[in-house]
Amino acid sequence: MLTASDLQAIWLTVRLAGLVTLILLLVGTPIAWWLARTPSRWKGPVGAVVALPLVLPPSVLGFYLLLAMGPSGLVGQLTQALNLGPLPFTFGGLVIASVFYSLPFMVQPLQTAFEAVGDRPLEVAATLRASPLDAFFTVAVPLAAPGFLTASILTFAHTVGEFGVVLMIGGNLPGVTRVASVQIYDHVEALEYVQAHRLSAVMLIFSFVVLLALYAWRPQPRKGG
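Please read all numbers here as calculations on a predicted model, not as lab measurements.

A.B. asks: Before we move on, can you summarise the packing of aromatic side chains with the specific residues and values?
C.D. replies: In total, this model carries eight aromatic pairs according to the counting rule given. Their ring planes at 90° and their centres at 5.0 Å tell us that W33 and F114 sit as a pair that is edge-to-face. Taken as a pair, W33 in helix α1 (residues 4–37) and F114 in helix α5 (residues 91–117) lie far apart in primary sequence, 81 residues in all. Classification of W33 as partly exposed rests on a relative accessible area of 22%. Aromatic ring contacts, followed pair by pair, group W33, F114, F136, F137 and F148 into a single cluster.

See the structure below:
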């Protein structure tokens, strides 16, 4: 049986992953749309920044986020000026760090889906006097729906599996920042292998089910161009 602290860690992980996925849907969608449509020379640098968490060690990203959100960092000074307090070792800091760390898992599938839409459907919408915003929501978003599903699943699953970044930013506070991956680490460190095995098995089954759902229902985006 899972312990009360295990269940608490699982619930905190689900809350974190759900909130990060929702935030990244709102933030990542316009970034992906811009990357898919812009001819700007800044497309390469912006795309590289978005993809940076894919290759950057989590400890490096966590370290710089910790500096930025610390008392002497720009973000930390701003939050203190707004009487919000420091962000490190809080759930809010954990959310912000996870948003940065999971950004490419939302943006890249959406960018691919938007690129697959092509120009033709948007040109047809324009001839029908649809505004760019109307064309986006009534044409591009429905055609890119499989990309939204893939991006959301990957973002949620990736956030659930985070360890290095969340440990550096959130620490190990029960009920506040101790997510499932950190809870497993605690069990192993305390030589509680039975408890670690049970919680790890839950995470393994969850990961398999998520990937199975992703590959079982993965229709090809319809090309409009």
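A.B. asks: Explain the packing of helix α2 (residues 43–55) against α5 to me, using residue names and the numbers behind them.
C.D. replies: Two numbers describe how α2 lies on α5: the axes approach to 6 Å, and their chain directions differ by 130°. The angle between α2 and α5 falls in the class oblique. Remark: the crossing between α2 and α5 carries left-handed chirality. Contacts between α2 and α5 involve K43, V50, A51, P53 and L54 on the former and, on the latter, F100, Y101, L103, P104, F105, V107, Q108, Q111 and E115. Looking at side-chain class alone, the contact of α2 with α5 contains ten nonpolar, two polar and two charged residues.

What counts and what doesn't
All chains use their own residue numbering, which begins from 1 and follows the written sequence. Local features are withheld for residues below a pLDDT of 70 in this predicted model, meaning they are given only at 70 or higher, and side-chain atom pairs are given and counted only at 80 or more; totals for whole chains, interfaces and linings count all residues. As a convention, hydrogens and water are excluded, and side-chain values are obtained from all of the structure's heavy atoms. The criterion for an aromatic pair is that two Phe, Tyr or Trp rings (for Trp, the six-membered ring) have centres within 6.5 Å, with stacked assigned to planes under 30 degrees apart, edge-to-face to planes over 60 apart and tilted to the rest. Segments assigned H or I by DSSP are reported as helices when at least four residues long, segments assigned E as strands when at least two residues long, and all are numbered from the N terminus. Burial classes follow relative accessibility: with a 1.4 Å probe on protein chains only, a residue under 20% of its type's maximum area counts as buried, one over 50% as exposed, and anything between as partly exposed. To get an axis, fit a line to the C-alpha atoms, keeping to the stretch in contact for a helix; angles then go from 0 to 180 degrees between the N-to-C directions. Any angle that falls under 35 degrees is termed roughly parallel, while one over 145 is termed roughly antiparallel, one within 65 to 115 roughly perpendicular, and all others oblique. Note: crossing handedness is left-handed where the near helix turns anticlockwise from the far helix by less than a right angle, and right-handed where it turns clockwise. Two residues qualify as a contact provided that any one of their heavy atoms is within 4.5 Å of a heavy atom in the partner residue. Three classes are used: nonpolar for Ala, Val, Leu, Ile, Met, Phe, Trp, Tyr, Cys and Pro, charged for Asp, Glu, Lys and Arg, and polar for all others, with Gly counted as polar.

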